[in-house]
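If you want the building blocks of each chain, they are given just below.
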Amino acid sequence: MAIFFYSTTTISQSCDLTVKGQISDFHEDHTLEYATVYIQELKTGVTTDETGKFELNQLCKGEYHFIISHIGCASKTIYFSLQRDTTIQVFMEHHDELLEEVIIEGTGFQNKTGLVKSVISKDMIIEMSGQNLTEMLRTIPGVSILRSGPNLTKPIINGLYGNRITVLNHGLPQEGQQWGNDHAPEIDPNTADKISVYKGSNAIKYGLSTLGGLVVIEPDDLSYDPHWHGDMKITGQTNGRSYGLQTALRKSTAWGNTRWTAGFTNSGDRHTPDYYLTNTGNKEKSVSLLWSNSQTSRAYRKFYYSFYQNEIGILRGSHIGNLTDLQDAIGRNVPFFTQDSFSYAINAPRQNVRHHLAKYSQKYFMSESLILNIDAGFQANLRQEYDVRRGGRSDRPTLDLVLLSQFYDVQLTHQGSNPGEVQSAGIQYKINDNSNQAGTGINPLIPNYLNHQLASYFIYKNKWKSVLWELGVRAEYRDYQIYRSENTGGYARHHFFNMAGNLGFKQNINKDISATLDISYTGRPPEINELYSFGLHQGVSGIEEGNPGLQPEHSFKIVQEWNGHLTHHHHVQMSVFYNTFRNFIYLQPSDEFRLTIRGAFPVYRYVAANADIAGLSFKSNLEINKNLLWSNTFNYTYGQNQTMGHGLIRIPPLNAVSNISYTISKSAWFEEMKLGTEISYTAMQNRVNEKEDFLLPPDSYVLFNGFLKMKWKTNSKNDIDLVIRGENLLEKSYRDYLNRLRYFADELGRNIYVNINIKF
């Protein structure tokens, strides 16, 4: 939501002040009629007319909370001190809109390249409470999920994942053990007010690992309000008997504006339509603090700290003791070690992950056209993985990693003489210090290492006639220092110097539709795991082996997007892309099964090949009438291993989703009610070489989902939302190609989510 204030010169000492204004849609070029403007202190309000305008008269000087409400939007609260006649312009955001122009800092100085982004708004985050970050992202066209069981998920953007996706957590690139396909982002999505996805390689400020896309977790700017406000979310799921609580509090003090969050989730064994998935529970906790201060006109400071912990059980039936049982386990109807009863217990195999993140930002307004921005961040990622071990040693970790990371960025931004002309230049330094903790009794999967990274970048934006265009260039040097025991190879060192660049254009085809084009090149050096993995990767139940001889991969990508209205009530968004790679690095299953003292496991090896990936995503929102909305999404990705001459492994199969919802406005029983149903079709991935996998891709499947959302108002006109959502309502038994545990078990059966959100 955007808010603008205008004050007239008429100053009054009596109660004859006036507040008037207009409420408009944030994305659409129209105003909102029948929006409610309510003054909490006076317990009075008005409704906007057919032009979205309102007027409140005979107000006294004082401090007021204005609550703005409109059907289809979450209510917004505006606090200000009324001293004179005032005009307000408010832009409300309807949650069905997903695409918007990129405005990163909101200062008029854009410091990140990229012309468009897809957005998950705060309202959608509330509706999807109880899900993890990746599950929320799948609502965006072109985004799929790579799973390693019910609780371990990673986003796939335009066919790419892992080391090619960067998650920007409150302005800081997330530094965890993100190399693992079973290592989910260590982030509580409830700390975000908005989640965005950039599909191009256009966020090169944040490194060479953004060639697949950039996921941005960001809060709203904190505004001044000296009173306590916040919200509380209560979540539950029937599958896994999950329950959780998340809270957020906001208050301004003499030191600045603050926001505090805390939450936890506890779940037990999940189940398929036919059996329990034994040992698939998780326990999640998080806290965070955001502080900002802009009391001087020339400086702005912001500090953010978060802590996240997640203990996750790994399906017991995916860890097998000998080769014969392993071959029997792959493709079984019911996995080994399946129990007949539910349990919250989390036993080995399991993971315990803790993540600390702290970031400080300082912005100096050196002149009206020059800004200096300094960012400094520190992260500590602690990962322990526990295996089923003999002799009562299952409480002793088999993988115990500590990753300490520092990040520094200094950027100078200049506003050019022409409107829209912005130049930014910066330098970055990052260091990762990864160490294995003693006591596991097992050779580490990932060696101890230091990664020094020094980079510089330049970004230029301007407008030529009616075309917005931008150029970004980045140069990056990496120094890897590897510390292994002598019996596994000893000390090693690698130096890499790579470049990245992108060129983007945006033009309005007509008054209703805009088109964007992004062309990019990225040279990405191999990561440590791709070079030096050596051992059992417990979370994915496989032995992984790196290749020290791997060279940087080179990517050339074109993304074209169209966004706009075919008619006043029909919004469409379409994106096509083509991405070609030289030395595309991927984890290839071999035909080897290896027996170790920890059991028998399949062997995967990192290899490189030339590859092409292309795709199409489409989303349509059609307002059949003011109550009925029909949405359709279509995603298709094509991947070809040019070196081997067959389809590329782990490419999302075709997926289509159709959703229809009906909204009922205010009645005697509720403020608003919305109900809907959804059908989802996922095709069989038939472009996979049988020799590159242990099991043929599963069949196509269709799922039926449904949801109900109801809204009420408290006495102070704040929102109370109840969301009930059902997934796989018909208890379909199926397996998903992108779930690495599909070798052993089915996907989840029916799951009913119940979320209650209370604002105060």
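Residues numbered from 1 in each chain as written. Predicted model: local features only at pLDDT ≥ 70, side-chain atom pairs only at ≥ 80, totals over all residues. Heavy atoms only, no water.

## Looking at the overall build of the protein
As a reminder, the rule being used: A run of H or I in DSSP counts as a helix once it spans at least four residues, and a run of E counts as a strand once it spans at least two, with each numbered from the N terminus. The reference for a compact globule is 2.2 Å times residues^0.38; the radius of gyration itself is calculated from the C-alpha atoms. Think of it in three bands: with a 1.4 Å probe and only protein chains considered, a residue is buried below 20% of the maximum accessible area for its type, exposed above 50%, and partly exposed in between. Any two residues having at least one pair of non-hydrogen atoms within 4.5 Å are treated as being in contact. Surface accessibility follows the Shrake-Rupley procedure with a 1.4 Å probe radius. Residue values consider only the protein chains on display as shielding.
The number of helices and strands found in the protein is four helices and 43 strands. Since a compact globule built from 760 residues should have a radius of gyration of about 27 Å, the 26 Å found for the protein is in line with a globular shape. By its C-alpha atoms, the protein is 85 × 55 × 50 Å across when sized along the principal axes. Counting all 760 residues of the protein, 59% fall into the buried class. Relative to all contacts within the protein whose residues are 6 or more apart in sequence, the contacts with residues 24 or more apart total 66%. For the protein, the computed accessible surface area is about 30500 Å², with 56% contributed by carbon and sulfur atoms.

## Looking at the pattern of salt bridges
Under the convention used in this document: Every case where a carboxyl oxygen of Asp or Glu lies within 4 Å of a side-chain nitrogen of Lys or Arg is listed as a salt bridge.
Taken as a whole and judged by the stated rule, the model has 30 salt bridges. With its nearest N and O atoms 4.0 Å apart, the salt bridge here joins Lys205 to Asp409. On the criterion of sequence distance, the pair formed by Lys205 in the loop between β15 (194-198) and β16 (213-218) and Asp409 in strand β26 (residues 399-415) is long-range, its members being 204 residues apart. For Arg725, the salt bridge identified is with Glu727, shortest N-O distance 3.6 Å.

## A few points about the nonpolar core
Threshold: Nonpolar cores are built from buried Ala, Val, Leu, Ile, Met, Phe, Trp, Tyr and Cys residues. Side-chain atoms within 4.5 Å join them into one set.
Ranked by internal contacts, the top residues of the largest apolar core, which has 33 residues, are Ile482 and Phe744. Going through the elements one at a time, α3 (323-329), β26, β29 (467-483), β30 (492-508), α4 (528-532), β35 (570-596) and β36 (599-623) are the ones with two or more residues in this core. Discounting residues that sit within four places of it in the chain, Ile482 has contacts with Pro447, Asn448, Tyr449, Gly490, Tyr491, Ala492, Ile528 and Tyr532. Grouped together as the second largest cluster of nonpolar side chains are 20 residues, Leu17, Val37, Cys73 and Ile78 included.

## Notes on the sheet that holds strand β3 (residues 36-39)
Rules: Two strands pair under a simple rule: DSSP has to find at least two bridges between them. For helices, the fitted line uses only the C-alpha atoms of the stretch in contact; every axis is such a line through C-alpha atoms, and the angle between N-to-C directions lies from 0 to 180 degrees.
Overall, antiparallel pairing links the four strands, which are arranged β4-β3-β6-β7 in an open sheet. In this open sheet, the two strands that pair with only one neighbour each are β4 (44-47) and β7 (76-82). Geometrically, the sheet is characterised by an average inter-axis angle of 20° between neighbouring strands, direction not taken into account. The sheet contact formed by β3 and strand β6 (residues 62-69) spans four bridges and is antiparallel. Counterpart to Ile39 in the pairing with β6 is Phe66.

## Some points on the confidence of the model for the protein
For the record, the criterion: Each residue gets a pLDDT score, which is the predictor's confidence in that residue and runs from 0 to 100.
When the pLDDT values of the protein are averaged, the result is 88; 93% of them are 70 or greater. Low pLDDT, under 50, characterises residues 96-114; the predicted model gives this stretch 80 contacts beyond four residues in sequence or across chains.

## Quick notes on the environment of Arg478
Short version of the rule: Polar contact criterion, stated in full: a pair of N or O atoms within 3.5 Å, where within protein one must be able to donate a hydrogen and the other to accept it, and residues adjacent in sequence count only if both atoms are side-chain atoms.
Looking at the secondary structure, you find Arg478 in strand β29. Judged by relative accessible area, which is 3%, Arg478 ranks as buried. Distance from Arg478 to Ser716, taken between C-alpha atoms, is 56 Å for residues 238 residues apart in sequence. Among residues more than four places away in sequence, those in contact with Arg478 are Leu208, Ser209, Asn451, His452, Gln453, His494, His495, Phe496, Pro525 and Glu527. A distance of 2.9 Å separates the side chain of Arg478 from the side chain of Tyr480, its partner in a polar contact.

## Quick notes on the side chain of Arg740
Among the structural elements, Arg740 can be located in the loop between β42 (719-727) and β43 (751-759). Engagement of the side chain of Arg740 in a polar contact is seen with the side chain of Tyr604, the distance being 3.2 Å.

## Side note on the pairing of strand β13 (residues 165-169)
β13 sits mainly inside the fold: five of its five residues count as buried. Of the two faces of β13, the one lined by Ile165, Val167 and Asn169 and the one lined by Thr166 and Leu168 are each fully buried. Bridge analysis of β13 against β16 gives five bridges, and the strand direction is parallel. For Ile165, the partnering residue across the bridge sits in β16 and is Gly213. Here β13 runs beside strand β14 (residues 172-173); their pairing, made up of two bridges, is antiparallel. Along β14, the bridge assignment pairs Asn169 with Leu172.

## Observations concerning unusual backbone geometry
In terms of backbone geometry, most residues other than glycine have negative phi values and most peptide bonds are trans. In this structure, the amide linkage connecting Ala348 to the following residue, Pro349, adopts the cis form with an omega of 0°. Here Pro349 lies in the loop between α3 and β24 (350-367). At Tyr34, a residue that is not glycine, the phi angle is positive and equals roughly 65°. On the secondary structure map, Tyr34 appears in the loop between β2 (17-25) and β3. The exposure class assigned to Tyr34 is exposed, which follows from its relative accessible area of 61%. Backbone geometry at Lys43 places phi at a positive 55°, although glycine is not the residue there. Of note, Lys43 is situated in the loop between β3 and β4.

## Describing the environment of Ile217
For Ile217, the position within the fold is in strand β16. Residue classification places Ile217 among the buried positions, given a relative accessible area of 0%. Once the C-alpha coordinates of Ile217 and Thr86 are considered, the two residues, 131 residues apart in sequence, prove to be 34 Å apart. When residues no more than four places from it in sequence are discounted, the contact partners of Ile217 are Leu133, Val167, Leu168, Asn169, His170, Gly171, Ile187, Ala192, Lys194 and Ile195.

## A short note on the side chain of Asp193
Tracing the backbone through its elements, the reader meets Asp193 in the loop between β14 and β15. Within the local environment of Asp193, its side chain forms a polar contact with the backbone nitrogen of Asp220, the two atoms lying 2.8 Å apart.

## Some thoughts on the packing of aromatic side chains
What describes a pair of aromatic rings is the distance from one ring centre to the other and the angle between the planes of the rings. Put simply, the rule reads: Stacked, tilted and edge-to-face are the three classes assigned to paired rings of Phe, Tyr and Trp, where Trp is represented by its six-membered ring and a pair needs centres within 6.5 Å; plane angles under 30 degrees give stacked, over 60 edge-to-face, the rest tilted.
The final tally for this structure, using the stated rule, is 18 aromatic pairs. Residues Tyr483 and Tyr491 carry aromatic rings whose centres are separated by 5.4 Å and whose planes lie at 50° to one another, so their mutual orientation is tilted. By relative accessible area, Tyr483 is classed as partly exposed at 36%. Residues Phe694 and Tyr743 carry aromatic rings whose centres are separated by 5.7 Å and whose planes lie at 75° to one another, so their mutual orientation is edge-to-face. With Phe694 in the loop between β40 (672-682) and β41 (701-713) and Tyr743 in the loop between β42 and β43, the pair connects residues that are 49 residues apart, well separated along the chain. Per residue, the accessibility class of Phe694 equals that of Tyr743, and both read buried. Taken together, Tyr243, Phe264, Tyr276, Phe342 and Tyr344 form an aromatic cluster joined through their ring pairs.

## So, the pairing of β35
Remember that side chains alternate between the two faces of the sheet whenever the strand is regular. Sheet topology places strand β34 (residues 553-567) next to β35; 13 bridges connect them, and they run antiparallel. Paired with Gly564 across the bridge in β35 is Val572. What sits between the antiparallel neighbours β34 and β35 is a turn of two residues. Sheet topology places β35 next to β36; 22 bridges connect them, and they run antiparallel. Bridge pairing in β36 places His570 opposite Leu622.

## Digging into a nonpolar patch on the surface
Selection criterion: For patch building, the residue pool is restricted to those with more than 30% relative accessible area and no salt bridge; the joining distance is 9 Å between like charges and 5 Å between nonpolar side chains (Val, Leu, Ile, Met, Phe, Trp, Tyr).
A contiguous nonpolar patch, built from Tyr408, Tyr429, Leu454, Leu471, Val473, Tyr477, Phe497, Met499, Tyr521, Phe556 and Ile558 and spanning about 930 Å² of accessible area, is present on the exposed surface. Broken down by secondary-structure element, the contributors of at least two residues to the nonpolar patch are β29, β30 and β34. Per-element accounting of the nonpolar patch gives the leading share, three residues, to β29.

## Here we look at the environment of Thr440
Summarising the element assignment, Thr440 is placed in the loop between β27 (422-436) and β28 (448-464). A relative accessible area of 9% places Thr440 in the buried class. The sequence separation of Thr440 and Val467 amounts to 27 residues, and the corresponding C-alpha distance is 59 Å. Once residues lying within four places of it in the same chain are set aside, the contact partners of Thr440 are Arg389, Arg396, Pro397, Thr398, Leu399 and Asp400.

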